[in-house]
Each structure stands twice: as structure tokens, then as C-alpha cells.
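# Architecture and fold: a report
Now for the letters of each chain:
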Amino acid sequence: MLDKEKSHAVLAKRLNLESKAYDAKKCYTLPDRDNCLDMVNQECNLLKSLLRSHSGFRAADI
């Protein structure tokens, strides 16, 4: 799942991922339980938190 930002679509295509795009502006106004991108946002936040707390990780190695 991704929003309709062009860079996300390019990355999904480059990695041969199956993707479904949602309009982030419309999802933003929904409650978390109805927001299809909320789970993705939570996972990204967890990953950012992990990488910030362990400075030895390099994005290229993930």
C-alpha cells in the first residue's frame, strides 16, 4: 500500500512489488481505524525509531 506520490510508485515498480495506491489527502481525514495507510505509517515510524536508536545501521544494508 502506498500513497499516490510519484516516488513511491517508481520504487514499487523498480522492486517489482505489487502495489495499491491510495489518495493520502483523502485518507488523512479518516479515523485511524478506517485509514488504509495507518498501518503503513505505523510500520515506517517503528523502523525510523529503530534506526535512530541504533546509529550503526545503514539503510543500504536493510
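Anyway, here's the lowdown on the structure attached to this text. (Residues numbered from 1 in each chain as written. Predicted model: local features only at pLDDT ≥ 70, side-chain atom pairs only at ≥ 80, totals over all residues. Heavy atoms only, no water.)

The number of helices and strands found in the protein is three helices and two strands. Taken from N to C terminus, the helices and strands of the protein fall in the order β-α-β-α-α. Split into buried and exposed, the 62 residues of the protein put 11% on the buried side. Long-range contacts, defined as pairs at least 24 residues apart, comprise 18% of the intrachain contacts of the protein with a sequence gap of at least 6. Surface exposure of the protein reaches about 5700 Å², of which carbon and sulfur atoms provide 54%. (Helix = DSSP H or I, 4+ residues; strand = E, 2+ residues; numbered from the N terminus. Buried < 20%, exposed > 50% of the residue type's maximum accessible area, 1.4 Å probe, protein only. Contact = heavy atoms within 4.5 Å. Areas by Shrake-Rupley, 256 points an atom, 1.4 Å probe, with all protein chains shown as cover.)

What follows is about a nonpolar patch on the surface. Where nonpolar side chains cluster on the molecular surface, the patch consists of Leu 11, Leu 15 and Leu 17 and spans about 300 Å² of accessible area. Tracing the sequence through the fold places Leu 15 in the loop between helix H1 (6-14) and strand E2 (21-22). (Patch = residues over 30% accessible without salt bridge, like charges linked within 9 Å, V, L, I, M, F, W, Y side chains within 5 Å. Salt bridge = Lys/Arg side-chain N within 4 Å of Asp/Glu carboxyl O.)

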